[in-house]
Amino acid sequence: MTGESKEIELLTNDSGTLSMPYEWSIGKYGSLFFKYLREKRRFLGIRCPRCGKVMVPPRRICGPCFQDLGEKDIVELSDTGTIMAFSVVNYPFIDPATGLKRPIPYTYGYINIDGSDNIFSHVINGTDETKIKVGMKVRAVFREKMEGNIQDIKYFEIIR
Ligand SMILES: [Zn+2]
């Protein structure tokens, strides 16, 4: 180095292609939820016998009051809900569910499924933030060939 300011050439290394397929158990209640979704195209929730809150998807423990929950507490819910919050995303990233870059923009929503007391997050169709409002009603749109996973829900469409 001579002490003079020189532009540095930034180099890269190529690590090649990495493939890392994996799978994991979604548990008893997760399996019930996605099996029902696949077969009935409806959501299952679970009603806490202590505090009365209904959560979707079903879980073993009530979040608000820590009550143990059982299969007897499972309830059928609608395929409709209300937008509680949303965000139009313009930042590209690799979707962990598919391993592919998700096309932008897309809208991610926090949806209160009718009959439940919590939030279910998923994609809402439409990306014009001036036309999407908190409080709008949405309905789940399912793909034709249901496989029993979260991609069975293509998106939630705004119905009013
Ligand atoms: Zn509870």
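As the structure is a computational prediction, the values presented were derived from the model and not from experiment. (Residues numbered from 1 in each chain as written. Predicted model: local features only at pLDDT ≥ 70, side-chain atom pairs only at ≥ 80, totals over all residues.)

Trainee: Is there a simple way to explain the overall build of the protein chain in this structure?
Mentor: Each helix and strand in the protein chain was counted, giving one helix and eight strands. In the protein chain, the order of α-helices and β-strands from amino to carboxyl end is α-β-β-β-β-β-β-β-β. At 21 Å, the protein chain has a C-alpha radius of gyration far larger than the 15 Å of a compact globule built from 160 residues. In terms of overall dimensions, the protein chain has a C-alpha envelope of 75 × 40 × 35 Å along the principal axes. Among the 160 residues that make up the protein chain, the fraction classed as buried is 16%. (Helix = DSSP H or I, 4+ residues; strand = E, 2+ residues; numbered from the N terminus. Rg over C-alpha atoms; globule rule 2.2 N^0.38 Å. Buried ≥ 20, exposed ≤ 12 C-beta atoms within 10 Å, placed from the backbone.)

Trainee: Could you clarify how one ought to interpret the environment of Tyr29 in this entry?
Mentor: In this fold, Tyr29 is placed in helix α1 (residues 27–40). For the pair Tyr29 and Arg102, spaced 73 residues apart in sequence, the C-alpha separation works out to 28 Å. Excluding its chain neighbours within four sequence positions, the residues that come into contact with Tyr29 are Pro57, Pro58, Arg59 and Arg60. (Contact = placed C-beta atoms within 7 Å.)

Trainee: For this particular structure, what's the right way to read unusual backbone geometry?
Mentor: Generally, phi is negative for residues other than glycine and the peptide bonds are trans, each holding for most cases. Each neighbour pair has its own omega, and for Val56 with Pro57 the value is -5°, a cis peptide bond. For Pro57, the location among the structural elements is in the loop between β2 (54–55) and β3 (74–76). A cis amide bond, omega -5°, links Ile104 with the succeeding residue Pro105. Inspection of the secondary structure assignment puts Pro105 in the loop between β4 (80–89) and β5 (106–113). Residues other than glycine seldom take positive phi values, yet Arg41 does so here, at roughly 60°. Note on Arg41: 14 C-beta atoms within 10 Å, which makes it partly exposed.

Trainee: Any chance you could explain the pairing of β4 here in plain terms?
Mentor: Across a regular strand the side chains alternate sides, sitting on one face of the sheet and then on the other. Here three bridges tie β4 to strand β7 (residues 137–142), and the two strands are oriented antiparallel to one another. Residue Gly81 lies in a different strand from β7, and its bridge partner there is Val138. Examined bridge by bridge, β4 and β5 share eight bridges and lie antiparallel to one another. Bridged to Gly81 within β5 is Ile113. (Pairing = 2+ DSSP bridges.)

Trainee: Help me understand the pairing of strand β6 (residues 120–124), please; the structure alone is not making it clear to me.
Mentor: One ladder, built from five bridges, connects β5 with β6; its direction is antiparallel. Note that in β6 the partner of Tyr108 across the bridge is Val123. In textbook terms, the turn of a hairpin is the stretch between consecutive antiparallel strands, and for β5 and β6 this stretch comprises six residues, one of which, Gly115, has a positive phi near 90°.

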